[in-house]
Amino acid sequence: MISFTELLTASDDQLVKIFYKIKVDANDDFIKRINKIAAQLGLNHAQLVCAVGFNKNIRDLTDIISVLGFRDYKLLSYRQNELFTTDTYQQLAIDNILDIYSARLEDVQIMESLRELLMPRLEHIEVDIEKNQDPSHIISYRMEVHAIYTSGIANKKFAEQRLNKNIGKYRMIANEIGVIVEAGLFPASNLFFMETISPEEKKELIEQKHISNEMVKNRLQNSKISSEERDMLEAYI
């Protein structure tokens, strides 16, 4: 048995020792093979693929990649990306996700791969939250969004994409606006004047003392703001 974290961070020698003892059936397709190997290690399918796939030492260990049922590292990465993007805390617990984000610092290629996967992953989770309203998933989502910014994975481009989307409800769940300001990606004043930021988010900025009375008065001069935003702002004058 091995933990997700141990497999994710294992050295090349450790990976060889782990998989040396693994038994496989050559007649199994790659799904069955991964499931059986995962069971031998005490993990599930997604945990095994993502722990190995995001391990920076796996790329040249072609024998291990073959044992898992893939012809090369690229095919392993495809499966890893698919599972990571679509899982909504079903097989990959929030602790697994946070471990992946922590480990990314050691490898530029993993960092770039994660940046491409973040947006579709969060979109899948938001659909799941909308559908099921699972309190544990909401907490995990908040933790994940914070980790994305505080770990340095999120850059200005990512933040801008999130800010331009009509997802104020989910940014509020995660206090994403506050985290963006704390991370230094955008100043609070810029966010306050953005049309895509909801009145509730702007209220948070005001109450967190990021916005001056002069900024509020300036915003109120915009005749195009919604009645909801206007009512909110006027309460602070």
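Bear in mind the structure is a predicted one, so any value in this text is a computation, not a measurement.

### Describing the overall build of the protein chain
Then, number 1: Looking only at helices and strands, the protein chain features 16 helices and zero strands.
Then, number 2: C-alpha atoms of the protein chain, sized along the principal axes, occupy 70 × 35 × 25 Å.
Then, number 3: Sorting the 237 residues of the protein chain into buried and exposed places 48% on the buried side.
Then, number 4: As displayed, the protein chain offers around 12300 Å² of accessible surface, 50% of which is attributable to carbon and sulfur atoms.
Then, number 5: Placing the 29 positive and 36 negative side-chain charges of the protein chain at their respective mean positions leaves the two points 2 Å apart.

### Observations regarding helix H9 (residues 135-150)
Then, number 1: For H9, with 16 residues, the first-to-last C-alpha span of 23 Å sits near the 22 Å given by 1.5 Å per residue.
Then, number 2: Among all positions in H9, only His137, Ile138, Ser140, Tyr141, Glu144, Val145, Ala147, Ile148 and Tyr149 are buried.
Then, number 3: Looking at the packing, one finds that the buried side of H9 touches helix H7 (94-103), helix H8 (108-132), helix H10 (156-163), helix H11 (168-174) and helix H12 (176-182).
Then, number 4: At the C-terminal side of H9, Gly152 shows a positive phi close to 90 degrees.

### Some words on the nonpolar core
Then, number 1: Leu7, Phe19, Leu48, Phe84, Tyr101 and Tyr141 are the most contacted members of the largest nonpolar core, which totals 81 residues.
Then, number 2: Per element, the largest residue contribution to this core is nine residues, and it comes from H8.
Then, number 3: If sequence neighbours within four positions are ignored, Leu7 has contacts with Ile2, Leu15, Ile18, Phe19, Leu41, Leu43, Leu48, Ala51, Val52 and Asn55.

### Considering the packing of helix H6 (residues 73-86) against H8
Then, number 1: It is at 8 Å that the axes of H6 and H8 come closest, and there the two elements cross at 35 degrees. Remark: the crossing between H6 and H8 carries right-handed chirality. Counting all contacts with H6, which are made through Tyr73, Gln80, Asn81, Phe84, Thr85 and Thr86, the residues of H8 involved are Gln109, Ser113, Leu114, Leu117, Pro120, Arg121 and His124.
Then, number 2: Split by residue class, the contact of H6 with H8 holds five nonpolar, seven polar and one charged.

Reading the values: the criteria
Residues numbered from 1 in each chain as written. Predicted model: local features only at pLDDT ≥ 70, side-chain atom pairs only at ≥ 80, totals over all residues. Heavy atoms only, no water. Helix = DSSP H or I, 4+ residues; strand = E, 2+ residues; numbered from the N terminus. Buried < 20%, exposed > 50% of the residue type's maximum accessible area, 1.4 Å probe, protein only. Areas by Shrake-Rupley, 256 points an atom, 1.4 Å probe, with all protein chains shown as cover. Lys, Arg positive; Asp, Glu negative; His and termini not counted. Charge placed at Lys NZ, Arg CZ, Asp CG, Glu CD. Expected span 1.5 Å × (residues − 1). Contact = heavy atoms within 4.5 Å. Core = buried A, V, L, I, M, F, W, Y, C linked by side-chain atoms within 4.5 Å. Axes fitted to C-alpha atoms, helices over the stretch in contact; angles between N-to-C directions. Left-handed = near helix turned anticlockwise from the far one by under 90°. Nonpolar A, V, L, I, M, F, W, Y, C, P; charged D, E, K, R; others polar.

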